[in-house]
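# Commentary on secondary and tertiary structure
Listed below, chain by chain, are the residues.
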Amino acid sequence: MSRCRTIAAFCCLGLLAMVGCGGPSVPDIVPAGGVVLLNGQPLPNAQVRFIPMLDLGPQYMAVGVTDDAGVFELQCNGQPGACACDHIVTVAEAEFPSELLSENKQLELAQYRKALKNRPIPTGYATPVNNPLSVSVTADVREYNLELKR
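As the structure is a computational prediction, the values presented were derived from the model and not from experiment.

Across its full length, the protein chain holds two helices and 12 strands. Split into buried and exposed, the 150 residues of the protein chain put 34% on the buried side. Counting only contacts in the protein chain whose residues sit at least 6 apart along the sequence, the fraction spanning at least 24 positions is 71%. Carbon and sulfur atoms make up 58% of the accessible area of the protein chain, which totals about 9500 Å².

Moving on: the nonpolar core. One finds F50, V91, L146 and L148 to be the most contacted residues of the largest nonpolar core, which totals 28 residues. Looking at this core, the elements with two or more residues in it are β1 (29–30), β2 (33–38), β4 (46–52), β9 (82–83), β10 (86–93) and β12 (143–148). For L148, the contacting residues outside a window of four places in its chain are V36, L37, L38, N39, L43, V91, I121, Y125 and L133.

It is worth spelling out the environment of T127 at this point. Considering the arrangement of structural elements, one finds T127 in the loop between α2 (106–115) and β11 (134–136). A relative accessible area of 38% places T127 in the partly exposed class. Linking T127 and A92, residues 35 residues apart in sequence, is a C-alpha distance of 8.3 Å.

Note that the residue after R119, namely P120, is joined by a cis bond; omega there is 0 degrees. By the secondary structure assignment, P120 is in the loop between α2 and β11. For N118, which is not a glycine, the phi torsion comes out positive at approximately 60 degrees. As for its placement among the helices and strands, N118 is situated in the loop between α2 and β11.

Across all of its chains, the model carries three aromatic pairs by this definition. Ring centres of F50 and Y144 lie 6.0 Å apart, and the angle between their planes is 75 degrees; this geometry places the pair in the edge-to-face category. Of this pair, F50 sits in strand β4 while Y144 sits in strand β12, placing them 94 residues apart in sequence. Considered together, F50 and Y144 belong to a single accessibility category, that of buried residues. Ring pairing ties together the aromatic residues F50, F72 and Y144, which thus form one cluster.

On inspection of all chains with the given rule, the structure shows one salt bridge. Across the salt bridge formed by E93 and R119, the nearest N and O atoms sit 2.6 Å from each other. Here E93, found in strand β10, pairs with R119, found in the loop between α2 and β11; they are 26 residues apart in sequence, far enough to count as distant. With relative accessibility at 35%, the residue E93 sits in the partly exposed group.

With that out of the way, let us pick up the environment of Y112. Within the secondary structure, Y112 is located in helix α2. C-alpha separation for the pair Y112 and P97, spaced 15 residues apart in sequence, amounts to 9.3 Å. Residues in contact with Y112, not counting those within four places in the same chain, are N45, F96, P97 and L100.

Rules and cut-offs
Residues numbered from 1 in each chain as written. Predicted model: local features only at pLDDT ≥ 70, side-chain atom pairs only at ≥ 80, totals over all residues. Heavy atoms only, no water. Helix = DSSP H or I, 4+ residues; strand = E, 2+ residues; numbered from the N terminus. Buried < 20%, exposed > 50% of the residue type's maximum accessible area, 1.4 Å probe, protein only. Contact = heavy atoms within 4.5 Å. Areas by Shrake-Rupley, 256 points an atom, 1.4 Å probe, with all protein chains shown as cover. Core = buried A, V, L, I, M, F, W, Y, C linked by side-chain atoms within 4.5 Å. Phe/Tyr/Trp six-rings, centres within 6.5 Å; stacked < 30°, edge-to-face > 60°. Salt bridge = Lys/Arg side-chain N within 4 Å of Asp/Glu carboxyl O.

The following block contains the structure:
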C-alpha cells in the first residue's frame, strides 16, 4: 500500500508542476490608441497592429484602423486596448471596402486608392521584421503617437 501512495504522490506533484508551466501569464489588456503621422501628416485608412513581444498567441495582437485624422483605437481579444507589455508595431494599408472588390468595380477601386492621402506607406513598417517601431504599453498611458518617415 505504501508503494501506491508514493506513486500517487509523485503523480500529484507532476500534475501540479505541469499546471505551473503553462507559459507566460497574459498581461492585462489596457485602453490604447493614438495617432499615426507619415512625414508629419496624418495617415488615414492604415491598419495598425501592436504585436506583443511575449509569446501569447495571435489572439493577443491588438489591431486598429486610422481615421482621416490618423487616429486609431486598438482592439485586443474582443476588448478595447492592448496587452500591457512591450510590442512591435506594424502599419500597413487597411483592407479596401468590400463593395469595391468585385470585378466590375475596378475603376471605383482605382479612384478610391488614388484618393487616399499621404501614400504610399513605406513597406518597412508593414512587417515585424526589421521594423523600427516599438512601444511599451502601460496602464498609465492611453495614447501612442507613431511618427513614420519615408
